[in-house]
Every structure is written in C-alpha cells, then in structure tokens.
Amino acid sequence: MKTKLLLILLSFTTVLIAQERSKLNQKDISVSPFIDGTILTPETETKSPLVILIADSGPTDRNGNQQMMTNNHLRYLAEGLYKEGIATFRYDKRIIKQMKDRTVNEESIRFDDFIKDAKDIVAYFKRSQAFSKIYVLGHGQGSTVGTVAAQDGVDGFISIAGPGRSIDNVIVEQLSEQAPGLKDNARTAFDELAANGSTQSYSQGLASIFRPSIQPFIRSWMKYDPSVEIQKLNVPVLILAGDKDLQVLPSEGEVLKAAKPDATYMVIKNMNHPLKEMKAADDDLVNQKSYNEPKRPVIPELIEAVATFVNQ
C-alpha cells in the first residue's frame, strides 16, 4: 500500500513539473541552416534582456546534454533566468544537426565554425530589436567562443568555467598533474601542429587529442587565447568559476580576470562543472555522478549571480 501511494505521489509530482514547464513562453526557432534552438521569453510589459547561451565542448545540445551524459544544466539555467524576467536563447551545436543528418565529417570541423554560429545568432537577435539588451554567456569551451562573438556589439559577456589560456596550454597543464610522463610529448606535438599544420610526434596515449582527423580542429582552436580575446571587449564582463569544478579550475578564471581587470570575478562555492551544487564532503566520484543526474537543478547562486549582472 505504501509503495502504491509513493508511486502515485511521484507520478503527481512529475505531472505538476510538466504542467509548469508547459506554461513557459517558449518557442523552437531556426536561426540558420546550422542553428536550431529554443527561445524563452518572459511575458512582461516592456522588452526584457536576452542572454544567448553557448554550450561547452563536444556534441552538446541546447539543454547541455550529450549522448551518455544527461544533466540538463543549460535548460535549468534558462528556466531559472526566465523566472528572473530574463529571456534566453539556447541552441544545439551544429554537430548535433550534422549527426542527425548523417553529414558529420570530423576532418572538416573547425573552431571558427562555432564562432560563426554564435556571431550569426547575435546578429539575428540584434536585427529583431525585440530585446532591451543582448548578453552572451559561454560555458567551458563556449566561453572562448563567446568571448569572440561578444566583440560584435553586445551589451555584456558572461564566462562560466571558461579557460583563461589557449587549449594547448590548458591540456599541457592538465597532463603535468594527471599524466606527467606525457606532458613534454604533448608540448612537442602541439608546437609541431601549430608550425606545420599536422603532427606525428605523439605517443599512443595522446591519440585521442592528436588523431589525424581531429588535428585541423585542434589547430584552429589553438589560435584563440581567451586572455587576449577578452581584452578586446569594451562591455561589462562577469567571470564565474566553481570551486568544485573538476575540469576547469578557478585559477583559469583568475587568468581571465588578470587580463580584464575591470571584470567582475566570482567563485561560486560548491558549484561543479555541470553547474550543480555539491556538498563540501562530496568526493570526485559523487561529483562525476552529477554529470548524469538530469533532475538535479543548477545551483541557485549561479542564477542569482547572472540575473544580478544582467539586471544591474
């Protein structure tokens, strides 16, 4: 009897959540042949500000999910900002559409493609004149993309868990801590890739980074140093990091802050990389588990920090 009652209560809760989400003023739109996304627009008497959400690395969809990794962090962030009177647009990275259409060619992917998509989105919403202000928000790799896209005349930029250095330097630093025996080999391979356009000077342990089909993408990504790009912004900047982030340490945010002294920099206590709240005693295994917890909300302090910055 108790089991049946529990199931009924859980079902009722699920229905309530679905009904609440269906009340959101949201619409799926295509900005270009490569960009499909969802816009959430609060129903207000005046124009609301818009935040464009740019996802992290990998084949990430508009909700922040990948195959075998579902946590909905971008969806929860968008819905949290909606409740604060802020519109959002979040979108599938172009590789998602290519995968669906079976047109993915790994050798042809370039980092500049992601930048072009973000710039096209900025231009699309600037033309619409439907919002009081436009902000760009990038998470992880999306922070570097957003730093460049935000140079096209937006009203502000927000970096969440963004690297402060070029990707080759970030990877070499990570290897120095996690696999020190591969550090020098990686540095040599990156230098050769930058100079010659390709490299064969890598061990099997680095094949996931330097396999021939992905080298053109890595080389195109290496060209962008976030600490250089962020200096080109003449708009308000918010830099956020989480002290429970296993992928991008707060020290990367400190590099961005040093490059952009007038930026606001904040470390959110107990926030991890997928923007979820960890307990102080949680170990790395618990942290990693949250990458596949689709019902766990994003940490409230993140929504508060972004909303305060946008609405100031």
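Bear in mind the structure is a predicted one, so any value in this text is a computation, not a measurement. (Residues numbered from 1 in each chain as written. Predicted model: local features only at pLDDT ≥ 70, side-chain atom pairs only at ≥ 80, totals over all residues. Heavy atoms only, no water.)

### Details of the side chain of Arg94
Thinking step 1. Following the sequence through the fold, Arg94 ends up in helix H3 (residues 94-101).
Thinking step 2. Discounting chain neighbours no more than four positions away, the residues touching Arg94 are Phe34, Asp113, Phe114 and Asp117. (Helix = DSSP H or I, 4+ residues; strand = E, 2+ residues; numbered from the N terminus. Contact = heavy atoms within 4.5 Å.)

### Digging into the pairing of strand S8 (residues 264-268)
Thinking step 1. As paired elements, strand S7 (residues 237-242) and S8 share five bridges and run parallel to each other. If you follow Ala241 over to S8, its bridge partner there is Val267.
Thinking step 2. One crossover worth recording links S7 to the parallel S8 by way of helix H11 (residues 250-259), and it is right-handed. (Pairing = 2+ DSSP bridges. Right-handed = clockwise from strand over helix to strand, strands pointing away.)

### As for the packing of helix H2 (residues 73-82) against helix H13 (residues 300-311)
Thinking step 1. Where H2 contacts H13, the axes come no closer than 10 Å and their chain directions differ by 55°. With respect to H13, the axis of H2 lies oblique. Crossing handedness for the pair H2 and H13: right-handed. Residues Tyr76, Leu77, Gly80 and Leu81 of H2 pack against Leu302, Ile303, Val306 and Ala307 of H13.
Thinking step 2. Here the residues of the contact of H2 with H13 are counted per class, giving seven nonpolar, one polar and no charged. (Axes fitted to C-alpha atoms, helices over the stretch in contact; angles between N-to-C directions. Parallel < 35°, antiparallel > 145°, perpendicular 65-115°, else oblique. Left-handed = near helix turned anticlockwise from the far one by under 90°. Nonpolar A, V, L, I, M, F, W, Y, C, P; charged D, E, K, R; others polar.)

### So, empty space enclosed by the protein
Thinking step 1. By the definition in use, this model includes one cavity of 30 Å³ or more.
Thinking step 2. Taken as a whole, the largest cavity spans an internal volume of roughly 60 Å³.
Thinking step 3. Forming the boundary of the largest cavity are Ile54, Ala55, Tyr91, Lys93, Arg94, Phe114, Asp117, Gln141 and Val145. (1 Å grid on protein atoms, 1.4 Å probe; cavity = no way out; pocket = protein on both sides within 12 Å on 5 of 7 lines; lining within 4 Å. Points joined across faces, edges and corners; volume = space filled by probe spheres on them.)

### Side note on the nonpolar core
Thinking step 1. By size, the foremost hydrophobic cluster in this structure holds 54 residues, and its most contacted members are Ile52, Phe89, Phe125 and Phe190.
Thinking step 2. Once you skip the residues sitting within four places of it in the chain, Phe89 turns out to touch Ile29, Val31, Ile35, Gly37, Thr38, Ile39, Leu50, Val51, Ile52, Leu53, Ile121 and Phe125. (Core = buried A, V, L, I, M, F, W, Y, C linked by side-chain atoms within 4.5 Å. Buried < 20%, exposed > 50% of the residue type's maximum accessible area, 1.4 Å probe, protein only.)

### Re the sheet that holds strand S1 (residues 26-32)
Thinking step 1. The strand order across the open sheet built from eight strands is S1-S2-S4-S3-S5-S6-S7-S8, with neighbouring strands paired in mixed fashion. Taken across any chain shown, the strands that pair with only one partner, and hence form the sheet edges, are S1 and S8. If you compare each strand with its neighbour and ignore which way they point, the axes differ by 20° on average.
Thinking step 2. Relative to strand S4 (residues 87-91), strand S2 (residues 35-40) runs antiparallel, the two sharing four bridges. The partner of Gly37 across the bridge, within S4, is Tyr91.
Thinking step 3. Taken strand by strand, helix H5 (residues 141-149) contacts strand S3 (50-54), strand S5 (134-139) and strand S6 (156-160), and its axis lies near 150° from that of S5.
Thinking step 4. The sheet strands contacting H13 are S3, S5, S6, S7 and S8, and the helix crosses S7 at an angle near 175°.

### Regarding helix H9 (residues 215-222)
Thinking step 1. The buried count for H9 comes to six of eight residues, which makes it a mostly enclosed element.
Thinking step 2. Considering only its buried residues, H9 is in contact with helix H4 (111-128), H5, helix H6 (167-178), helix H7 (183-196) and helix H8 (207-210).

### With respect to a negative patch on the surface
Thinking step 1. Residues Glu84, Glu277, Glu301 and Glu304 make up a contiguous surface patch of negative charge.
Thinking step 2. Note that Glu84 resides in the loop between H2 and S4.
Thinking step 3. Among the residues examined, Glu84 registers a relative accessible area of 44% and is labelled partly exposed. (Patch = residues over 30% accessible without salt bridge, like charges linked within 9 Å, V, L, I, M, F, W, Y side chains within 5 Å. Areas by Shrake-Rupley, 256 points an atom, 1.4 Å probe, with all protein chains shown as cover. Salt bridge = Lys/Arg side-chain N within 4 Å of Asp/Glu carboxyl O. Lys, Arg positive; Asp, Glu negative; His and termini not counted. Charge placed at Lys NZ, Arg CZ, Asp CG, Glu CD.)

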